[in-house]
Amino acid sequence: MTATFDKVADIIAETSEIDRETIKPESHTIDDLGIDSLDFLDIVFAIDKEFGIKIPLEQWTQDVNEGKVATEEYFVLANLCSKIDQLRAAKA
Amino acid sequence: MLLEYFQMIDRVESVDAERKTLRARSVVPSKSPVFEGHFPGMPLVPGVLLIETMAQASGFLVLAATDFAAMPFLMSVDGAKMRTFVEPDAVLDIEAALEHDGSGFAVTKAKISSGGKKVCDAQLKLRTMPFDQVPLGEIVRRRAEELGLFEAIAAAGGERN
């Protein structure tokens, strides 16, 4: 369990009023946690602020809509946290 | 201001490209059909229209800050506070500050004052959609021109495309 995951899970629990204990690294934010697009933007805003990054959400959405990438790649929490770590590393 | 046509901003006074802020001014009309219902005998600008005013100022700020790349749509309003009544003929000073420029969304803090007195404030989130997905580019540019937004951008040292 990474520090990034813990922070992201806290953000999701607070933003979407989801029980923190139900949020796991393997959770899919849409399919498992039922987070809608409005709440997801709130979560992205909080993540951007927390980590000082800009999640390229438009690009990710386009990738998924065009079938280039499966939703799991971005929206399963372990994968999302990995992308966040990559964005932080790229910024550092 | 033409409340019934949702024309909430009269003039963009200034844009600060560095600090990503916008200042605008509006005068509440003496008469409006809106006042016939809100309220009979005691005309007040509805709070939702003050929120709309802050949203429009925020939208024009986002347009200026992103060089008219995408259309902002109001998505959420957080911590909105209506602090005092706004009556006909009131002069409104509207300010919006860009708090975060995200991918596909923007977050602003906006406030309105009148005669130096706080009227309302809120944090607004706007979803931004590229103009090739929404047929509003021309209308928005025309409205921005009417309000003096391009003039304000030029005065701030920006460039109009």
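Below: a short report on this structure. All values reported here derive from a predicted model rather than from experimental measurement.

Turning to the interface of chain B and chain A, a few remarks are in order. Interface size is commonly expressed as the accessible surface area that is lost when the partners come together. Facing 15 residues of chain B, the contacting portion of chain A comprises 14 residues. Summed over both partners, the interface of chain B with chain A buries about 1,100 Å², with 61% contributed by carbon and sulfur atoms. The largest per-residue losses of area from chain B upon contact with chain A belong to His100(B), Ser103(B) and Phe105(B), which jointly make up 45% of the total buried on that side. Inspection of the region where chain B meets chain A yields 3 salt bridges. In this structure, Lys125(B) and Asp42(A) form a salt bridge, with 2.8 Å as the shortest nitrogen-oxygen distance.

Time to look at the sheet that holds strand E5 (residues 105-114) of chain B. Strands pair in a sheet through their backbones, by hydrogen bonds, and they do so in one of two ways: parallel or antiparallel. Spatially, 6 strands are ordered E1-E2-E4-E5-E6-E3 (chain B) in an open sheet, and the strand pairing comes out antiparallel. Every interior strand has two partners, whereas the edge strands, strand E1 (11-16) and strand E3 (70-82) of chain B, have only one. Between one strand axis and the next, the sheet turns through 25° on average, direction left out of account. One ladder, built from 7 bridges, connects strand E2 (residues 21-27) of chain B with strand E4 (residues 91-101) of chain B; its direction is antiparallel. Considered in E4(B), the bridge of Val27(B) is made with Val91(B). Across the sheet, helix H2 (residues 37-51) of chain A is in contact with E3, E4, E5 and strand E6 (117-130) of chain B; its angle to E6(B) comes to roughly 105°.

Further remarks concern a negative patch on the surface. On the surface, a cluster of negative charge is made up of Glu26(A), Asp31(A), Asp32(A) and Glu72(A). One can find Asp32(A) in the loop between helix H1 (3-16) and H2.

Moving on to the pattern of salt bridges. A side chain of one charge can pair with a side chain of the opposite charge if their charged atoms are brought near each other. All told, the structure shown has 15 salt bridges over all chains when counted by the stated rule. Two residues, Lys125(B) and Asp78(B), come together in a salt bridge whose shortest N-O distance is 2.9 Å. In this pair, Lys125(B) sits in strand E6 while Asp78(B) sits in strand E3, placing the two residues 47 residues apart along the sequence. What you see here is one network of salt bridges that share partners, running through Asp6(A), Asp10(A) and Arg20(A).

What counts as what
- Residues numbered from 1 in each chain as written.
- Chains lettered and ligands numbered in written order.
- Predicted model: local features only at pLDDT ≥ 70, side-chain atom pairs only at ≥ 80, totals over all residues.
- Heavy atoms only, no water.
- Contact = heavy atoms within 4.5 Å.
- Buried area = accessible area lost by both parts, 1.4 Å probe.
- Salt bridge = Lys/Arg side-chain N within 4 Å of Asp/Glu carboxyl O.
- Pairing = 2+ DSSP bridges.
- Helix = DSSP H or I, 4+ residues; strand = E, 2+ residues; numbered from the N terminus.
- Axes fitted to C-alpha atoms, helices over the stretch in contact; angles between N-to-C directions.
- Patch = residues over 30% accessible without salt bridge, like charges linked within 9 Å, V, L, I, M, F, W, Y side chains within 5 Å.
- Areas by Shrake-Rupley, 256 points an atom, 1.4 Å probe, with all protein chains shown as cover.
- Lys, Arg positive; Asp, Glu negative; His and termini not counted.
- Charge placed at Lys NZ, Arg CZ, Asp CG, Glu CD.

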